[in-house]
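Listed below are the residues making up each chain.
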Amino acid sequence: MKMIFLGPPGAGKGTLADLAVEERKLPHISTGDLFRAAVKNETELGLKVKGILASGGLVPDDLTIALVKERLSAPDAASGWILDGFPRTIPQAEALEALAPADRVVNFEVADEVVVGRLSTRRVCRACGKIYNTKTMPPKKEGVCDACGGEVYTRDDDKEASIRTRLENYRRQTAPLIQWYGARGKLLTIDGVGDPKVVLERFNKALA
Ligand code: AP5
Ligand code: MG
C-alpha cells in the first residue's frame, strides 16, 4: 500500500505514521526528517535548506522532488510506503503521480488552535527523531530519549513566528491538495483529535 499523510503542521502525521508502520511494516518516509538529517550532517542540500526550514518556508519543488525520487528508488520502498509531508504543493503531487501514484491519501483534520498548542509543547529526539510532547507524551527522563538515549530538543521551526508561517503556507499551498486528491477518489479524511491510539483506530477502520 502506498499512502500519503496530509494535514497541517502538528496534525500528528509523524506520530501516527510511527504507530502505523509498526503494524503495517512499511517504510515511514518524512521529507521533513530527511531535510533535518541533511541539515544535521551539513550536506550540500542541508546547507541550502537550513534557513528555509528554520523560518517555516517551503523548500523549492525541484529539490524536494529530487530528494523523494531518490528515496523512493531504494529497495525498501518498492512495494509500499507512508509518505509524511510530501506532496505539499500541486507540482509535487503531479510529480509523484507520474513517478509512483499513491493508493490512498489520508487527511488528518485538526483545528488551528489545537495545532499551535501541540507544536509549542513538542520535543523531538535529535538522534532518532522520536516525537514527544511536554504535556501529553513526555520522555521518562527530561531531555533524554526513551528509545535511544539521544538529546530531546525543540525543533528550530517550533517557534511562534515559524509556526505562523508554516500554517499560512499550509493553507495557501498544501490545503488545495485535499480537493485535488478528492477529485481523484483517493482521499480519506480522519478526525485527528484524541489520543493517538484512538486516531490510529479511526485510521485502521477507514482503511479496512
Ligand atoms: P515537517 O517535518 O513535515 O513538518 P510539518 O508538516 O510542519 O509537520 P510537523 O512535523 O510539524 O507535524 P506532524 O503532523 O508530523 O505532527 P507530530 O506527529 O510531530 O516539515 C518541516 C519543514 O521541512 C517544512 O516546514 C519545510 O520547510 C520542509 N519540507 C518538508 N516537506 C516538504 C515538502 N514536501 N516541500 C517543501 N518543503 C518541505 O505531532 C506534533 C505534536 O503533537 C507532538 O508533540 C505530538 O506528541 C503531539 N501529538 C501528535 N498526535 C497527537 C494527538 N493525537 N493528541 C495529542 N497530541 C498529539
Ligand atoms: Mg512531522
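Quick caveat: nothing in here was measured; it's all calculated off a predicted structure.

Digging into helix α4 (residues 61-72)
Alright, step 1. In a regular helix each residue adds 1.5 Å, so 12 residues correspond to 16 Å; α4 covers 16 Å between its end C-alpha atoms and thus fits that length.
Alright, step 2. Listed in full, the buried residues belonging to α4 are Thr64, Ile65, Leu67, Val68 and Leu72. Summarising the axial view, the buried residues of α4 lie within an arc of 160°, below the 170-degree limit, and thus occupy one face. Turned more than 90 degrees away from the buried face of α4 sit Asp62 and Glu70, all of them exposed.
Alright, step 3. On its buried face, α4 sits against β2 (28-30), α2 (31-40), α3 (44-55), β3 (81-84) and α5 (90-99).

As for the pairing of strand β4 (residues 104-109)
Alright, step 1. With four bridges connecting them, strand β1 (residues 2-6) and β4 associate as parallel partners. Considered in β4, the bridge of isoleucine 4 is made with valine 105.
Alright, step 2. Pairing of β4 with strand β8 (residues 187-191), which is carried by five bridges, proceeds in the parallel orientation. Paired with phenylalanine 108 across the two strands is isoleucine 190, which belongs to β8.

A look at the packing of aromatic side chains
Alright, step 1. In the structure shown here, the tally under the stated rule is three aromatic pairs.
Alright, step 2. Between phenylalanine 5 and phenylalanine 108, the aromatic rings sit 5.0 Å apart at their centres with planes inclined by 75°, giving edge-to-face as the arrangement. Linking phenylalanine 5 in strand β1 with phenylalanine 108 in strand β4, this pair joins segments that are 103 residues apart in sequence.
Alright, step 3. Both rings, one in tryptophan 180 and one in tyrosine 181, keep their centres 5.0 Å apart while their planes meet at 85°; by these two values the pair is edge-to-face. Tyrosine 181 shares its class with tryptophan 180; the two are buried.
Alright, step 4. When the ring centre of tyrosine 153 is taken as reference, the NZ or CZ atom of arginine 126 above it lies at 4.0 Å.
Alright, step 5. Over the aromatic face of tryptophan 180 sits the side chain of arginine 184, whose NZ or CZ is 3.6 Å from the ring centroid.

Observations concerning unusual backbone geometry
Alright, step 1. The omega angle of the peptide bond from phenylalanine 86 to proline 87 is -5°, so this bond is cis rather than trans.
Alright, step 2. Within the secondary structure, proline 87 is located in the loop between β3 and α5.
Alright, step 3. In this structure, glutamate 42 is a non-glycine residue whose phi angle is positive, near 55°.
Alright, step 4. Inspection of the secondary structure assignment puts glutamate 42 in the loop between α2 and α3.

What counts and what doesn't
- Residues numbered from 1 in each chain as written.
- Chains lettered and ligands numbered in written order.
- Predicted model: local features only at pLDDT ≥ 70, side-chain atom pairs only at ≥ 80, totals over all residues.
- Heavy atoms only, no water.
- Helix = DSSP H or I, 4+ residues; strand = E, 2+ residues; numbered from the N terminus.
- Expected span 1.5 Å × (residues − 1).
- Buried < 20%, exposed > 50% of the residue type's maximum accessible area, 1.4 Å probe, protein only.
- Arc of directions from axis to C-beta.
- Contact = heavy atoms within 4.5 Å.
- Pairing = 2+ DSSP bridges.
- Phe/Tyr/Trp six-rings, centres within 6.5 Å; stacked < 30°, edge-to-face > 60°.
- Lys NZ or Arg CZ within 6 Å of the ring centre and 35° of its normal.

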